[in-house]
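# An overview of the molecular structure
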Amino acid sequence: MQSTASAPRDVIPAHLLKGQKALVTGANSGIGKATAIALGRAGADVVVNYVTGPEQADEVVAQIESFGVRAAAHQADVSAEDQVVGMVGRMVEEFGTIDILVANAGMQRDAPLTEMTLAQWQKVLDVNLTGQFLCAREASKEFVRRGVVPEVSRSAGKIICMSSVHQVIPWSGHVNYAASKGGVQMMMATLAQELAPKKIRVNAIAPGAIRTPINRDAWDTPEAEDDLLRLIPYDRVGDPEDIAYAAVSLASDLMDYVVGTTLYVDGGMTLFPGFATGG
Ligand code: NAD
């Protein structure tokens, strides 16, 4: 089954996020790249975080700059506290502040339980969960310091945690990844509760199967894609832009009353598709 491309990028209103400063982690590939570009198209200035692949980060910066907004690449490992502190500090220095954090960086190190090393377990928890904690903490310090600037946004800051359908769907052979995303869900909800009185909105996006390098094996042959489509009622594999558009919407004042929610962007993957014909 052929997948259908998502809507064209010009669906994004060019001034929706005008004057806002956004940081996207893991923004030189896949979902992070599409999100950074979409935020730029919506009028935000964007810091493009990456850990490896400076050339790809520079390409994303150039694409964003072509919309007439500012962009800069910043190398940092999101699981390293000093690097995250340095990145947000530099962003505040050079861009003036931060309004939007998309904590997107993530990875997989798959293995059956009995073969999974402590290093594989720890690395995925460090990047996928601790990395989001560190970025959220540093961004929030600036949100609280600056407070609401009504001409810019109704809230003092927006945090979007990139989770996964595996925050609720168990995933054999990926216990480190599923545990990290389950952790993201509860971290997001707790931060949302804690920060809402300070007018900071924390939400998550839970992508289903999106066509990116992280899951290439699941879609890069017709057989693999057919297998995958059995899990997706909407009958197409997602594109990075599907997530990027959700992130732009959540970051905007259109969603100002949305606090502590996970937006599933999954073509219905979490609807127990096996029950459509049985149960
Ligand atoms: P990707 O591999 O294309 O992108 C991941 C990005 O994170 C890359 O830029 C990578 O360099 C970066 N990264 C990894 N470790 C890092 C670190 N220590 N510091 C900074 N950056 C780091 O994969 P993707 O699909 O775009 O994944 C983005 C996010 O979406 C991840 O959190 C992933 O778990 C989540 N997600 C993806 C899917 C999917 O189907 N593709 C589904 C659910 C959730």
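In case you missed it, the structure is sitting above this.
Residues numbered from 1 in each chain as written. Predicted model: local features only at pLDDT ≥ 70, side-chain atom pairs only at ≥ 80, totals over all residues. Heavy atoms only, no water.

Let us now look at helix α1 (residues 30-41). For α1, which comprises twelve residues, the first-to-last C-alpha distance of 17 Å matches the rise-based estimate of 16 Å (1.5 Å per residue) to within 8%. In terms of burial, α1 is largely enclosed, as ten of its twelve residues are buried. Listed as buried for α1 are Gly30, Ile31, Gly32, Ala34, Thr35, Ala36, Ile37, Ala38, Leu39 and Gly40. Within two residues after α1, Gly43 carries a phi angle of roughly 105°, on the positive side. (Helix = DSSP H or I, 4+ residues; strand = E, 2+ residues; numbered from the N terminus. Expected span 1.5 Å × (residues − 1). Buried < 20%, exposed > 50% of the residue type's maximum accessible area, 1.4 Å probe, protein only.)

Applying the stated rule across the entire model yields 13 salt bridges. For Glu138, the salt bridge is made with Arg137, and the minimal N-O distance between the two is 2.9 Å. For Glu138, a relative accessible area of 8% translates into the label buried. Look at Arg137 and you get partly exposed, because its relative accessible area is 27%. Across the salt bridge formed by Glu225 and Arg211, the nearest N and O atoms sit 3.4 Å from each other. Taken as a pair, Glu225 in helix α6 (residues 222-229) and Arg211 in the loop between β6 (200-207) and α6 lie far apart in primary sequence, 14 residues in all. Since its relative accessible area comes to 22%, Arg211 is described here as partly exposed. Three or more residues joined by partner-sharing salt bridges are found here, namely Glu81, Arg137, Glu138 and Lys141. (Salt bridge = Lys/Arg side-chain N within 4 Å of Asp/Glu carboxyl O.)

Here we come to the packing of aromatic side chains. Under the defined criterion, the tally for this structure stands at two aromatic pairs. Look at Trp171 and Tyr177: their rings are 5.6 Å apart centre to centre, the planes differ by 70°, and that puts the pair in the edge-to-face class. By relative accessible area, Tyr177 is classed as buried at 9%. Consider the rings of Phe272 and Phe275, whose centres lie 6.3 Å apart with planes at 85°: the pair is edge-to-face. Residues Phe272 and Phe275 agree in their burial class; the two are exposed. Stacked on the ring of Phe95, the Lys or Arg Arg70 has its end atom at 4.2 Å from the ring centre. (Phe/Tyr/Trp six-rings, centres within 6.5 Å; stacked < 30°, edge-to-face > 60°. Lys NZ or Arg CZ within 6 Å of the ring centre and 35° of its normal.)

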